Structures are given as structure tokens and as C-alpha cells.
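# Inside the fold
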Amino acid sequence: MTESNDHDHPLFAASALDYDLPLAPQIARLLRRAIVTLNIEPGERLSEQEVANAFGLNRHAIREAFLLLRDSGLIRVMPQRGTMVLKISPEGLENASFVREALECAAARAAAVLRDPTALARLEANLAVQRQLAKQKNPEAFFECDDSFHHLIAEAAGRSIAWDIVDDYKPQLDRLRYLSIDIKIKDRLTADSAFENSLHDHQAIVAAIKKGDADEAELQMRNHLGRIMAALPRLASSYPDMFASDPHSKPGASAQQGQGRRRIGRANQTVRSI
């Protein structure tokens, strides 16, 4: 994690952009990744001009990207006062965990009922890559493969939209995931356990889907997703400055809550359709 406000990360470069596509969503995605991986820490201030300079762009595209990040609940845009990365909200984590568990457990059940051979082959291929990355102890690469695994579960259920909704909420949980690895990586034995636990969970989920055991697939998914929230008390105690003490008090909460209600409405529709 960086201790500087100078955003010289390789992500913040014009070469990272595809100019044939809208720029604001790309910039938002790159900034989101930097925030989620804690290269930009909770409580750190962001400057439109500094980010614009880093990308070699005008401030208009950066402003649009900041608005997208605001809607994801990652930053607070304060007119005339600047922009700040929000601290990790326990309430936001609980909401994100609730939505993710509802959708992904339903997706695991549906995938076990369908047992699509092509989908199962893709899951097995993903597990093979995970095994290699677990040996390398590369958190970013492993988490990307982990995300692909969960996306494949949604596709195996015939409900890709479920992953799209989960992806809206995931940044809150992803910061907790990276913070957890940051602690664990200091102890090689504990770090090994962190990767191995995730891989073990994924293998159990796929095994249940292959058997067509919907109840077991749902149970294994629920147990897997519960791991990160179980670590919340320890992480909040170890890194108190990174967590919001009163999530209800932050300015702009009502706008974010409104955005959250709209996404929860979409989530409810998706759960009913799975």
C-alpha cells in the first residue's frame, strides 16, 4: 500500500486507455482497481487535476469517472472541497455481503441443476489456473482469477446479470479481501493457508455442481462467501484508521443509499428469476 499521494502507478497512464472507447468508464475502472487493491488508501484525497495530468487528459473525463466511483460508494465528491476516498464502511460491507450471498448462492443452486458440460469445463480450467496462481502467492492475479470463477458460476446458472449486480457491490468487499491478504502475507504459513482455503472452497463448489447437488452447492458457496466477513472484526481492530466509525454521518449518504436501493431492486428481480 502506498504512503504517497503521487499517483505514479502504471495504471495511471495514457497507454492504459483505449481511445476508441468511452474514456470515463475506463478511468473509473482503473481508479477503482487502485482503490480496491489499496494502492489508493481509504481517507486519501484525489485531485481531478493530478489524475488528469497522469492520464494526459482534460478534467472533464476525470470528473465523469469520479461520478461513477461516487455511485459505487468508493469516493465522496465535495464541491469546492475536493474528492476523498471513503473509508471502509461496516454497514456497506454488510449490505454488499447480503446481496452477494443472495445472488451467488442462488446461482450455485441453478448451476447444479443445469450441470452444463461446457460451463463445467470452463470452471475446471479456471481451477487449474487458480492452482498455479496459489503457488505463486500473487494476490492481484489470484483475485482476478477468483472473480472470473464467480462470474463463470453465474454463467453456468444462465444468469450473467447476477454477476453484473454483484460487481456493482464488490468493491466494498474487495478492499477487505486485500486488507486481509496484506496482514496474512507477512506470515508465509498464514498466507499459504489464505490461498489454499479459497482454492479448497472453489473446488468443493465445483464438485457439488458436477454432482448436481443443489443443496450442497448452495451450502459450499455460503460458507465460502462468509469467510471474508468473519475477518471483519480483526481487520477493523488492526486498521482502525481505514474504517468508518459512523457510516451514517458522511455527506452524500442519502444519494448513495438511493443508488443502493435501485441496485437492490435489480438484485431482488434477479434472485426471483433464478
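Overview of the structure. (Residues numbered from 1 in each chain as written. Predicted model: local features only at pLDDT ≥ 70, side-chain atom pairs only at ≥ 80, totals over all residues. Heavy atoms only, no water.)

### Examining the overall build of the chain
Put simply, the test is: Going along the chain from the N terminus, every DSSP run of H or I of four or more residues is numbered as a helix, and every run of E of two or more is numbered as a strand. The buried label goes to any residue with under 20% of its type's maximum accessible area, the exposed label to any with over 50%, and the partly exposed label to all in between, with areas taken from a 1.4 Å probe on protein chains only. Any two residues whose heavy atoms approach within 4.5 Å at even a single point are treated as in contact.
Along the backbone of the chain there are eleven helices and three strands. Counting helices and strands in the order they occur from the N terminus, the chain gives α-β-α-α-β-β-α-α-α-α-α-α-α-α. In the chain, which comprises 274 residues, the share counted as buried stands at 49%. Considering only contacts in the chain between residues 6 or more positions apart, those separated by 24 or more positions represent 77%.

### Details of the pattern of salt bridges
Note the following rule: Any carboxyl oxygen of Asp or Glu that lies within 4 Å of a side-chain nitrogen of Lys or Arg is treated as forming a salt bridge with it.
Summed over the entire model, instances satisfying the criterion amount to 19 salt bridges. Note that Arg-100 and Glu-104 form a salt bridge whose closest N and O atoms lie 2.4 Å from each other. Placement of both Arg-100 and Glu-104 in helix α4 (residues 90-114) is noted, with a separation of four residues, approximately one turn of the helix. Across the pair, Glu-104 and Arg-100 agree in class, each one buried.

### Here's the deal with the sheet that holds strand β2 (residues 75-78)
Threshold: Pairs of strands are assigned from DSSP output, requiring at least two bridges between the strands.
Strand order in the open sheet made by the three strands is β1-β3-β2, with antiparallel pairing throughout. Pairing within the sheet leaves two strands with one partner each, and these edge strands are β1 (45-46) and β2. The pairing of β2 with strand β3 (residues 82-85) spans four bridges and is antiparallel. By the bridge assignment for β3, Ile-75 is matched with Val-85.

### Concerning the nonpolar core
Selection rule: The criterion is simple. A nonpolar core is a set of buried Ala, Val, Leu, Ile, Met, Phe, Trp, Tyr and Cys residues joined through side-chain atoms within 4.5 Å.
Counting residues in each nonpolar core, the largest one holds 33 residues, and the members touching the most others are Leu-93, Leu-176, Leu-179, Met-229 and Phe-243. Contributions of two or more residues to this core are made by α4, α5 (117-136), α6 (139-156), α7 (160-184), α8 (188-211), α9 (214-230) and α10 (232-238). It is α7 that contributes the most residues to this core, ten residues altogether. Excluding anything up to four places from it in sequence, Leu-93 contacts Ile-88, Gln-172, Leu-173, Leu-176, Met-229, Leu-232 and Phe-243. Core analysis: the next-biggest nonpolar cluster, separate from the first, contains 24 residues, Ala-119, Leu-123, Leu-152 and Ala-208 among them.

### Comments concerning empty space enclosed by the protein
Threshold: Cavity and pocket criteria rest on a 1 Å grid covering protein atoms alone: a 1.4 Å probe that fits but cannot get out defines a cavity, protein on both sides within 12 Å along at least 5 of 7 lines defines an open pocket, and an atom within 4 Å of a point defines a lining residue. Grid points are joined across faces, edges and corners, and a volume is the space filled by probe spheres set on the points. Three categories are distinguished: nonpolar for Ala, Val, Leu, Ile, Met, Phe, Trp, Tyr, Cys and Pro, charged for Asp, Glu, Lys and Arg, and polar for the others, with Gly belonging to the last.
Going through the model one piece at a time under the given rule, you end up with one cavity of 30 Å³ or more. Here the largest cavity defines a volume of roughly 30 Å³. What lines the largest cavity is simply Leu-103, Glu-104, Ala-107, His-150, Ala-154, Ala-162, Trp-163 and Val-166. When its residues are assigned to classes, the lining of the largest cavity shows six nonpolar, one polar and one charged.

### Some points on the pairing of β3
Direction of pairing for β1 relative to β3: antiparallel, over a ladder of two bridges. When the bridges of β3 are listed, Leu-46 appears paired with Thr-83. Following β2, the chain reverses through three residues before pairing antiparallel with β3; Gln-80 in that reversal takes a positive phi of roughly 65°.

### Side note on the packing of helix α2 (residues 48-55) against helix α3 (residues 59-71)
Condition: Structural elements are reduced to axes, namely lines fitted to C-alpha atoms, with helices fitted over the stretch in contact, and the angle between N-to-C directions of any two is expressed from 0 to 180 degrees. Left-handed describes a crossing in which the near helix is turned anticlockwise from the far one by less than a right angle; the clockwise case is right-handed.
Taken N-terminus to C-terminus, the directions of α2 and α3 make an angle of 115°; their axes are 9 Å apart at the nearest point. Here α2 runs over α3; the crossing is right-handed. Contacts between α2 and α3 involve Glu-48, Gln-49, Val-51, Ala-52 and Phe-55 on the former and, on the latter, Arg-59, Ile-62, Arg-63 and Phe-66. When grouped by side-chain class, the residues that make up the contact of α2 with α3 number five nonpolar, one polar and three charged.

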